[in-house]
Every structure is written in C-alpha cells, then in structure tokens.
Amino acid sequence: MSENTPKQDKPKVGVYVCHCGSNIAGMVDVEAVRDWAREHLAEDGVVISRDYKFMCSSLGQELIEKDIKELGLERVVVAACSPHLHEKTFRTASERAGLNPYLTELVSIREQVSWVHTDKAIATEKSKALLAGTVHRVAYNTELEPLKVPINPNTLVVGGGIAGIQAALEIANAGFHVYLVEREPSIGGHMAQFDKTFPTLDCSACILTPRMVEAGTHPNITLLTWSEVMSVSGYVGNFNVTIKKRARYVNEELCTGCGICVEKCPQKVIDDVYEAGLGYRKVIYTPFAQAVPKYPVLDRPNCTYFKNGKCKACEKFCPTNAIDFTQEDEYLNVEVGNIILATGYDLFDARKVTNYGYGRLPNVFTSLEFERLSNAAGPTGGEITLRDGKTKPQTVGIIHCVGSRDKNFNNYCSSICCMQSLKFAHLVKERTGADVYEFYIDMRTPMKAYDEFYQRVLDEGTLFVRGKVAEVTNAAHGPHEKGKLIIQVEDTLVGKQRRIPVDMVILSVGMEPRHDAKQTGQLFGISCSSDGWYIERHPKLDPVTTMTEGILIAGCASGPKDIPASVAQGAAAAARVLDKILQKEVELEPIRATVNEEKCSGCRICNNLCPFNAISFIDDLAVTRINPALCQGCGTCVAACPAGAISGTGFSNEQIFAQIDGLLMGV
Amino acid sequence: MNKYLFYPGCSMEGSARAYYESIKAIQGPLAMELEEIDDWNCCGATEYLSINLIPAYSLIARNLALAAKQVNGANSVMAPCSACYLNLEKADHYMAERPALGEKVNEALAAGGLHYDPGSVQIRHLVDVIINDIGLEAVKTKVVRPLTGLRVAPYLGCMVPRPDYAKRWSDHEHPSELDDLMKALGAEVIEFPMKTACCGGHMTQIGPETAYELIRRLVAEAEEFQADIMVTMCPMCQMNLDAYQGETNRHFGTNYHMPIVFFTQLMAVAFGIDPRQAGFGLELVSAKDALARIGLKAPQPEKAAPPRKKPEGLPMPKPLPKKYASGQEVVMEE
Amino acid sequence: MSESFEPVIVGFTCNWCSYRAADAAGTARVKYAPNVRLIRLMCSGRLDPTFVMKALAGGADGVLITGCHPGDCHYIDQNYKALRRFLLLRRTLKGFGIEPERIKLVWASAAEGMKLANEINTFVDEVRKLGPLNWPKWDSNGHAALQPRSEQVMEVTA
C-alpha cells in the first residue's frame, strides 16, 4: 500500500464502549456513545458497536473474540480505561481470536474523561470525539510482528562485588559462560573491607571469600580483574564489548602467589582504596590476603623502577621469574547476549561537612575508616584506637545521616547507615568497653532481625540522642572538655542543647553513586536519575532491568541497599538473563522506525538524532539505515526526515493525521 | 590599579582607628585605589534593623544610592567593617528580593533626590578584595619582613562568612581566606576552631555576663593553641576582645593577655611599615610581646616553642581542594 | 455559535511521562477543563510540526505539546528536539498570521498529574481569550485534501 493513497475501502471495525461499573457510565452516556458510533462512524468502517459493564472481564473479552470470528472484524477499538492498564489484555484477546494484536486499540474515556470532568453532556461529546479519533486511526494500523533476535548465551557482568559475584555464579552454575570484569586487582568489592556484617555479626570476609573463590575457580567464569570496559556496541542478544586488561607487570602463567615480591618491595604508599587511606601498601601489592585472583599488581605511577630506572627488587627475588616490566595493556573483544551492571557505590566525601571537622580534627573518622580499624587484618590489627594508632577511646560518638537526608548534600536516605551505626556501637563496646553515644534523626531498622539488633544494642547500654549534630569541635569550654572532641547537639526529646565530650567521632557517611557512573552509563546506553543512580525500568515491579533491552542492573548501582538486597538483585538479574538465554530468542516490541531507502536522499539530518546509536549511514549506498533491534521507537527521526522517508510503525503519519481528523470531527 | 568606592563606617574614626590607619598604610603597596563615598552616613549597625525595617534599610540604601551616583571607573563598594558590609549587602539583596520594600525605600530616598536600583553596585569586604582581586601572590611579593615564628589565630567573626548572599566565601563555618592571607605573610597560623564563633556583639552593653563568657571562650581557646596574637576583620570583635578583655579577666578571675589586632595591621608590619604607622599602640591589650617575637622592639624572654607534631600513628585524610570565589585554585602548602 | 466560545484544543502527550501524568490526574480524580483532546505519541520527539498544522487546519483553536522534563526523557534527550521544533514552529506560525500563543509546550513527569491539569486549565483560558482561530476550511475532500508532507503546508515563509 503506497503511503500517499488514503484507504478507500475501510476495514471492518468493532467498537466496544465500557461502563467500568459506574466509573465511566456515571459521567458518560455510554449507550449514546455506542449508538453514535454505529451511526456516525459507519462510513469509517464501524460494523458493530456494543457496550458492556466490564470489558476487561472474560465475558467482555469473549464479546470481542466472538465478533472477530463471526463478523470477520479487521479492527477493534475499545473505549475504556488507560492503555497502560489493559491494552495488552485486549490485544491478547484479539490474538486468541486470530486477529493480529496490533490491530486493536484502547482509548481512555475514564482517566481522560469520566474521572476528570463534571458535565455529563460535555463528557459524552468528548468521549465521542476521542472514540472517533481512534476509529479513524485504527484504519491505518498494520499487522505487526514482534521482532525476534537470537541470543548469544554468554553474559558480561561488570563489577565484582557481592551482587556481581552472585549474578555470575548463578549464571555459571546454570551452565552458561560469564565474563566477570572488575576494575580493582581483586573481586570482593566493598564487602571485603568490612569487619562484621549486621545483624548477624557474621565476619564479612568469612562469608564472602568462599563465594570469591568459587567465582575465581569456576570453569564457566572468565575473571578479568584490573580491567575496564572500553566500548560497547550492538544490541540485546548481540553485544560486542571491548575490555582493556591493564598491565599487572606480573605474568599470570608463572606467578604462584607466594608474595615474596610484596615483602621485598621497599616502597610504601598510602592505600587509598582498600584501607580507606588509613593504612599502607607496597607498590607491588595484592589488596588483601584473600584476594582473588592471587596475582599481585604493580602500581606503575609510584614504582621506583618506572620513575627512575632503579630497584627491580621484586624481579630479583621472584622465584619463578614472573615479574615482567615490559608487559602491556591487553585489549579483548568479547561477544555477549546480556550485560549486568553491578558497579556498586562510592562514599559521600565527609570533608564537605566542615562543621564535623573530618580532615581537620584527627579523631573524626568515617564509617569505612572505622571498618578498617576494627578489621583484624586492618592497619591496627583490629584494635580500635584513636588516630595516633595507640590510644583506646573511652567515649565514642557516632553521628548518623552525614551527607544523607540533607538538602545541602544528598536528599535521600542511604538505607544502611542506622544498622551500620548500631553495629559500630556494639563493636566499640565489645572491644574497648567505651561509652557510646549515637546521634540519630530516625532509627531505620526494617528488615529481618534488624529491630531486634537495635533492642540488643539498647540493652548493652548505648546512649541514644535524637538530634542532628550541629558541630564537632575541639574548642573546650572548660577543663572538663579539654583534650576532647565536643559534639554540640540539640537533644530534641529533652528539648535542650547538649555538649557531649567524646574521644572519637565516627561519621556514618552516606552512599553515593560511583563518581563516574554517568560516563559508565553512557557507555552502555542507560541513564541515571537526578541523584546519579541507574534508573530501573519500573521502581516497584521491575527493579533489575533498564529501559535498554539487554542491560540489567543489580546491587547498589541502582540505589543504596544492604547485602541481602544486593544478593537478591544479583540473583534476580541472573534469572532474567537465564530466562532470555533459555528462550534462545528475544522478542522486541515492533514499534520501530524504518527508512525507505528509495526515498532517502542521504541528507543525514536524522543521523545525529538517535541516542541509541540505531541510525547508521551506509556509505556505499549513500542512504541511512536503522537497526530495528537497537531502535527504541521514539519516532524523533520519523518527525525529522524532510523527505518523509522514515516511517514509524505503530505511530505512523497516516495514523496520527487520521486521529487528528477524528478528534476534530464536528468542529 | 584596583579601584573601589570606600565606605569606612563610623568606627573607622573612633574605636577602629588602628584599622583605618593600617588600611591607609597598605593601600599603596597593594595598588588599591580607594575613593570615599561622598557624604556617606552611618549604616545603622545592628540596632536599627530590629526596630523598623523601612527606615533602617533606607538609611543604608542612601549610601548605596550615593555610591551608584559616584561611580566613575569603579562600581564596587568596599567596606572593611563587617557590620557595615553586611548591612550594605542585606539592603541590596532584600531590595531586589522584596520589590515592595525596594519601592518604599526608593520613595524615602526620593525625598533626598536619590534613587537606588538593587544590583547597581557590587558590595565587597576588604578580605574578599585582597584574596580575589589583588591575589595572594601579589601580597607575597610585598612582604619584606615575613612574620616568621609568630603564631596567629585568625578570627573572622560571624557576620561576614554568613549569610554570604553573593556566595563569596569558601566555607561558612571554617573558611580559609584569612588563614591563607596570614600564611602568605609568613606567619604560623593555628587551626583556630572558633574562627567564626560569636564575640558577643552588643551584649557587652545589654547583657555583659553573656558577652564575657563568649569573649572568654575565644581568648581561652587562642591561648590553648598557644597563639601569640589574634587577628580580626571586624571592629566590633576587636573592641569586644580587646577593650573588654580586662573586665572579662576580672569577672572570671583569669589572667588572659591575648593581643587582638586587625589583620591589616599585620599586613602593614609585614610590608615593612613602622608598627606605629600601622596602628599599633592603640590597642588596650598590648601587642608588645607579639611584636617582639618578630624582632620588633627589644627582645623579650623567649616563650618555649610549642611542640612540633611528629608524623606518627594513622595517616590523616588529605584536605579537600579549595577554590576562592574568584575561581582561583588554592595551592596547598604543607 | 453559542455566545460563549469554548476552544477545542488538541494535546500531544508522550507515552512515558505526560500521558502517565494525565492518567495520574484521572486516578486522583483531579478535575480540569474538558476542552483538550489528547493524542498519545511514544515520545515528544515524535511530534512532527505538520501535526500541529493539521490540527489547527482541522478546526482546533490551540495545540498543547507535552513531554518529559529535560533530562528525564525516556529516550534520553529526544525532548530537547521537541523543544527546538516547538520554538521554530512558533516563529513559523507567526509567519502564517497565527498567534504563536495558540501552541504551548509543557513538561510534565508521570507523577505530576495535578500540574498537568493546572497547565491544561491555564492554557484553555489563554486560548479562550484569543478567540476562535477561524482557519478557512479545506475543500470538501476532507482530509484527502491535506496530504501528509503536502507542498502547500511545507512552504513556509520564515
């Protein structure tokens, strides 16, 4: 059918007007609309017009199916509620009766008419107009088939924290191959830095390391640590990813992980990543003892050999000659069908809250610094001490909501800090017997065994002050405050200002999205919310998929959450991926744009309009082509083409022009 | 040559004479041209605004109107006194934010043949001008007598870093501008935790006990950190801490002897100007000992140097990179 | 014609934000003026300026264009393209002798049902004040006379 010839013989249309109980019928004269459609829209193809109390019920749907079969209906228009609710219901019903589902349309006369207007006569007239619009439009609907693309059974998981590891293991255990890419030298993520986890007080490393080892030795997992994704192209089922495997300067085939090179390296630097700036590491290092993989990494910018050609102690002492100063970055190309982003979070920078003195007052610590203090493998061997590394505190103040729930920094709640603060209180009491004060706004302890943990910490004698801390200062008001850090806070339950002298302050800092999350998102074609977290397809019903087919998210990358939730999301993302892999093919909605290459003049106006990179220019033919699997169906290029060479299925120009005509019938 | 319209304020001629003298002394070396606003009037300090807003703002706005008229090659008004500065800034800000107020104020000004459109002049504090317009590098080049060995406690007071309508300050609780300026003079600057805490203001007149306690806290803290001298940029702060230090001592039975001078006085001395010309000698708590530490006048018996911090224990986090309002990145010296 | 003129306005909504806002207004039973008849597009970026022309030529007195807030577009940044087209369209309409105030662009997110309803009410008032468009009717062939991409419509004096 040529684009410019309007349809002369109209297809047979069935119209169904729903009462929705009294939701529609109370404000719209449904029978009048039904009769009007039969009379006035007959020339537009309406051969039958019915009304029914609840069209979405099985009886209502059967009405449609019966008419399709008996009257040979070629189009169906239902005037009822919003397409976002029941479009699929009616399309499926039509399909059951043998009619292509895309020939059925649902127009809303409930949310858009009966629920929002007050004059019955006007509401009825508007319903007629909306119905007419859709009847005119539907004549131009074409039969569409969802696109089927084959799925590559390999999966890429970006991020080797607990969510990423969980996802990788689930998919690998099901028998499919996974590439697990991690930026740091070892997998484990933030969980590897913690000491104990709430509420069970499980040792974090003890529960994490078995998973890490499993992932590191699994035959179906290719572990790529000290690596980053450089570029992604393709579409769901068929992604081509380039990964840069950074040079470790250690030959992984020869290295036995004995650690002699680390021991002999003479150069120490502050470990900003794993030790949160509180401890040191060597220039050639493994981040922690249970690192997976066990191969160390050489920090080139700080290496004496690379800076001025001296040293090479590691090479001298390595028993297997595994040190290779000539090693170069490697680039790998992998093909995968689905990608799971489990890139985790960064912490809020407590230096920004100048009135809490972090960075200025030595004995103010962040939560991550405290985790390292309390961890037996940390810089103080698990002793909780002040900044001098020796003195044990006698009073500790723990401040909640630093950088969270705060209009000056981040508005959102970071979800885990209340529980984390309680855990710190418990650990401090257990290890040092110090007095502990907690300064909170609200106590958020919703999940299993969380509130019981709160009760336990209360019973242990921790003191809770409800108030947002105004200032942490070392300016003493008298001899009793000398040498201490003073927390100035309004105790809102008592209604008084209090100055509480403590030895150590722990700031429960909030979670923030990774500071390069936006760039990473752009690499994969997904977007971030205004707070910077990745956006899920539906906040309630679809938390692990994104608007981009084939890219999933899990763990803290989409928002602050605790370990059980991260694990659950990792497993959920894996399940979604497996569901796709097992179907061998994936179905894509057929709302796409296509270029009529005969009409395309090669002006390329459309080329830069696509954020999904679906539009490409074919040089030797000098025309533009659209990849239907990448195309998301927004229609911007359709509107932009000056030659009208691009048509958009589902929302074509004919359909919309017809709808405008119908809407303005009688005007 | 940086040119500014100068709003001295009433205290320059009275209690803050030292401020005025030292500003005049450093004006030349800093290449700062100051043209006093013709026929300026009192800004009303803090009292008037709590009595009746419209006449109060009109009083302040008259100065802005005069400045706007006098503009010739300079549209910045520089006020060294914190209260004057805040009042001018507030008037300009609220006349824009509340058009009804603006209208009434202009009605009042019209009676004197004047008019002020909010935003016509920029209002700057002297410290802001030195840091952002003149720049610390330029200040360093003028230092001929570095204040080496002098431990300085920088005290900004509360009225300038807050509310900061024009967003000129690096931080509102612990700004580093005055610290960096003193460091540029070669002084040893202590990390003074109460640098923006209240000095008591007019409580010395209204409720002296409160004022004495606030003064005591500041002076005691500076002493705790073994400061030799405190510097400030506000005449009220200087008067409270200096003139009332004796009464504070009597009230508490303490024996504090903490000199407090204006930052411009130290700048003048660092630039090689004679201390008397820099306004020294006008303060009640004598700065003799502090000056002696930098080799001026007869040497006094050495005070034991405070212990230096040896790097031991756990490493501290690195400070956050800073930028001043001028956009200039601050180079950390450690 | 009745003495009180009630404008007829065609509204274009995007599937992900503003259409859902209209749904949200409906679910919340927020009452607003019945003069606007909505068309659902997948994205505000789909809005071809000829749709607006067609609507005005077909009898509408005004056109309301709605979409996601800048930065929130479901298709990343297509609403910026809608914005560009809208601005150019207004100038073009002026060249036709049509008041540019007859078309309006409003951003509404899926949660802003109330806001969309208020915007609709405001726009209906504005168009009511402008009066009927009285665009001369096309010939008796009805919409057959207005071809998509017709030269007559595309000839714009800038």
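For the structure itself, look to the data block above.
Below: a short report on this structure. Numbers given for residues are sequential positions, taken from 1 along each chain in its written order. Chain A is the first chain written and ligand 1 is the first ligand written, with later ones labelled in order. Predicted model: local features are reported for residues with pLDDT of at least 70 only, side-chain atom pairs are reported and counted for 80 or more only, and whole-chain, interface and lining totals are derived from all residues. Side-chain figures throughout are based on the complete set of non-hydrogen atoms in the structure, without hydrogens or water.

A word on the overall build of chain C. A count of helical and extended segments in chain C gives 5 helices and 4 strands. Exposure categories follow from relative accessible area, calculated using a 1.4 Å probe and restricted to protein chains: below 20% of the type maximum is buried, above 50% is exposed, and the middle band is partly exposed. Burial status across chain C gives 56% buried among its 158 residues. In what follows, a contact means two residues having at least one pair of non-hydrogen atoms within 4.5 Å. For chain C, the share of sequence-separated contacts (at least 6 apart) that also reach a separation of at least 24 residues comes to 79%. Residue burial considers only the protein chains on display, and all accessible areas are found by Shrake-Rupley using a 1.4 Å probe. With the model as given, the accessible surface of chain C reaches about 6,900 Å², and the carbon-plus-sulfur share is 55%. Secondary structure counts use DSSP, requiring at least four H or I residues in a row for a helix and at least two E residues in a row for a strand, with both numbered from the N terminus.

What follows is about the overall build of chain B. A count of helices and strands for chain B gives 13 helices and 8 strands. Taken over C-alpha atoms, the radius of gyration is set against a globule rule of 2.2 Å times the number of residues to the power 0.38. Computed over its C-alpha atoms, the radius of gyration of chain B comes to 20 Å, within 12% of the 20 Å expected for a compact globule of 334 residues. For chain B, with 334 residues in total, the buried portion stands at 54%. If you sum the accessible surface of chain B, you get close to 14,600 Å²; carbon and sulfur atoms cover 52% of it.

Residue and element names in this part refer to chain A. Pairing within the open sheet is parallel, and its 5 strands lie in the order β20-β27-β21-β22-β23. The open sheet has two free edges, formed respectively by β20 (364-366) and β23 (463-466), since each of these has just one partner strand. This sheet shows a mean twist of 20 degrees between the axes of neighbouring strands, independent of strand direction. With 5 bridges connecting them, strand β21 (residues 395-402) and strand β27 (residues 504-509) associate as parallel partners. Pairing of Val402 across the sheet is with Val509, part of β27. Sheet strands in contact with helix α12 (residues 417-432) are β21, β22 (435-440), β23 and β27, and its direction is about 170 degrees off that of β22. By the convention used here, strands pair only if DSSP detects at least 2 bridges between them. Angles run from 0 to 180 degrees between N-to-C directions of axes, and those axes are lines fitted to C-alpha atoms, restricted for helices to the stretch in contact.

Residues and elements named next belong to chain A. The strand order β11-β12-β17 describes an open sheet built from 3 strands, whose pairing is antiparallel. A single partner strand is all that each edge strand has here, and the edge strands are β11 (227-235) and β17 (330-336). Adjacent strand axes in the sheet meet at a mean angle of 20 degrees when their direction is disregarded. The pairing of strand β12 (residues 238-245) with β17 spans 7 bridges and is classified as antiparallel. Residue pairing in the sheet places Asn240 in a bridge with Glu335 of β17.

Now for the pattern of salt bridges. Residues and elements named next belong to chain A. Salt bridge, as used here, is a side-chain nitrogen of Lys or Arg placed within 4 Å of a carboxyl oxygen of Asp or Glu. Inspection of every chain in the model, using the stated rule, returns 59 salt bridges over all chains. Salt-bridge contacts for Asp516 lead to Arg183; the nearest nitrogen and oxygen are separated by 2.8 Å. Separated by 333 residues along the polypeptide, Asp516 in the loop between β28 (511-513) and α14 (517-524) and Arg183 in the loop between β7 (178-181) and β8 (196-197) bring together distant segments of the chain. Judged by relative accessible area, Asp516 falls into the partly exposed class, the value being 24%.

Moving on to the arrangement of the chains. Across the 2 pairs of chains that are in contact, the largest number of contacts falls between chains A and C. Nothing in chain B touches chain C; the tightest C-alpha to C-alpha distance between them is still 26 Å.

Moving on: the interface of chain B and chain A. Across the boundary between the two partners, chain B contributes 20 residues, which contact 32 residues of chain A. Carbon and sulfur atoms supply 55% of the area that chain B and chain A bury against each other, a total of about 2,100 Å² over both sides. Interface area lost by chain B to chain A is led by Leu314, Pro315 and Met316 of chain B, which between them contribute 31%. Summed over the shared surface of chain B and chain A, the result is 2 salt bridges. Its salt-bridge partner being Lys318 of chain B, residue Asp272 of chain A comes within 3.6 Å of it at the nearest N-O pair. Think of a polar contact as two N or O atoms within 3.5 Å of one another; within protein, one of them needs to be a possible hydrogen donor and the other a possible acceptor, and neighboring residues in sequence only count if both atoms come from side chains. Inspection of the region where chain B meets chain A yields 10 residue pairs in polar contact (both at pLDDT 80 or more). Three residue categories are used. Nonpolar comprises Ala, Val, Leu, Ile, Met, Phe, Trp, Tyr, Cys and Pro, charged comprises Asp, Glu, Lys and Arg, and polar comprises the others, including Gly. Of the residues in the side of chain B that touches chain A, the class split is 9 nonpolar, 2 polar and 9 charged. Accessible-area loss on putting two parts together, using a 1.4 Å probe and summing over both, is the definition of buried area adopted here.

Residues and elements named next belong to chain A. The N-to-C vectors of helix α5 (residues 120-138) and helix α17 (residues 653-663) enclose an angle of 150 degrees; their axes lie 7 Å apart at closest approach. Classified by the angle their axes make, α5 and α17 are roughly antiparallel. Considering the relative orientation of α5 and α17, their crossing is right-handed. Contacts from Ala129, Leu130, Ala132, Gly133, Thr134, His136 and Arg137 of α5 reach α17 at Gln655, Ala658, Gln659, Asp661, Gly662 and Leu663. For the contact of α5 with α17, the residue count by class is 5 nonpolar, 6 polar and 2 charged. If an angle is under 35 degrees, it is roughly parallel; if it is over 145, roughly antiparallel; if it lies from 65 to 115, roughly perpendicular; otherwise it is oblique. Throughout, a crossing is termed right-handed when the near helix is turned clockwise from the far one, and left-handed when it is turned anticlockwise from it by less than a right angle.

What follows concerns the interface of chain A and chain C. The partner chain C presents 49 residues to the 45 residues of chain A that form the contact. Here chain A packs against chain C, burying approximately 4,500 Å² in sum over the two surfaces, 60% of which is carbon and sulfur. Contact with chain C buries area across many residues of chain A, yet His84, Trp115 and Phe657 of chain A alone supply 15% of it, more than any other trio. Our count for the chain A to chain C interface comes out at 2 salt bridges.

Residue and element names in this part refer to chain A. Burial analysis of β22 places 5 of its 6 residues in the buried class, which makes it a mostly covered element. Sheet topology note: the β21/β22 ladder contains 5 bridges and is parallel. Its bridge partner lying in β22, Thr395 is registered against Asp435. When the strands point away from the viewer and the path from the first strand over the helix to the second turns clockwise, the crossover is right-handed. Taken together, β21, α12 and β22 form a β-α-β motif whose crossover is right-handed. Bridge analysis of β22 against β23 gives 4 bridges, and the strand direction is parallel. In the strand pairing of β23, Phe439 is matched with Val465. Once you follow β22 into helix α13 (residues 450-459) and on to β23, the crossover reads as right-handed.

This part takes up the packing of aromatic side chains. Residue and element names in this part refer to chain A. The pairing test for Phe, Tyr and Trp rings, Trp by its six-membered ring, is centres within 6.5 Å, and the orientation test on the planes gives stacked under 30 degrees, edge-to-face over 60, and tilted for anything in between. Under the criterion given, the structure shown has 21 aromatic pairs over all chains. Here the aromatic rings of Tyr249 and Phe306 are separated by 4.9 Å at their centres, their planes lie at 55 degrees, and the arrangement is tilted. Placement of the pair is Tyr249 in the loop between β12 and α8 (260-264) and Phe306 in helix α9 (residues 304-308), with a sequence separation of 57 residues. When the ring of Phe306 is compared with that of Phe325, the centres are 5.7 Å apart and the planes differ by 70 degrees; the resulting orientation is edge-to-face.

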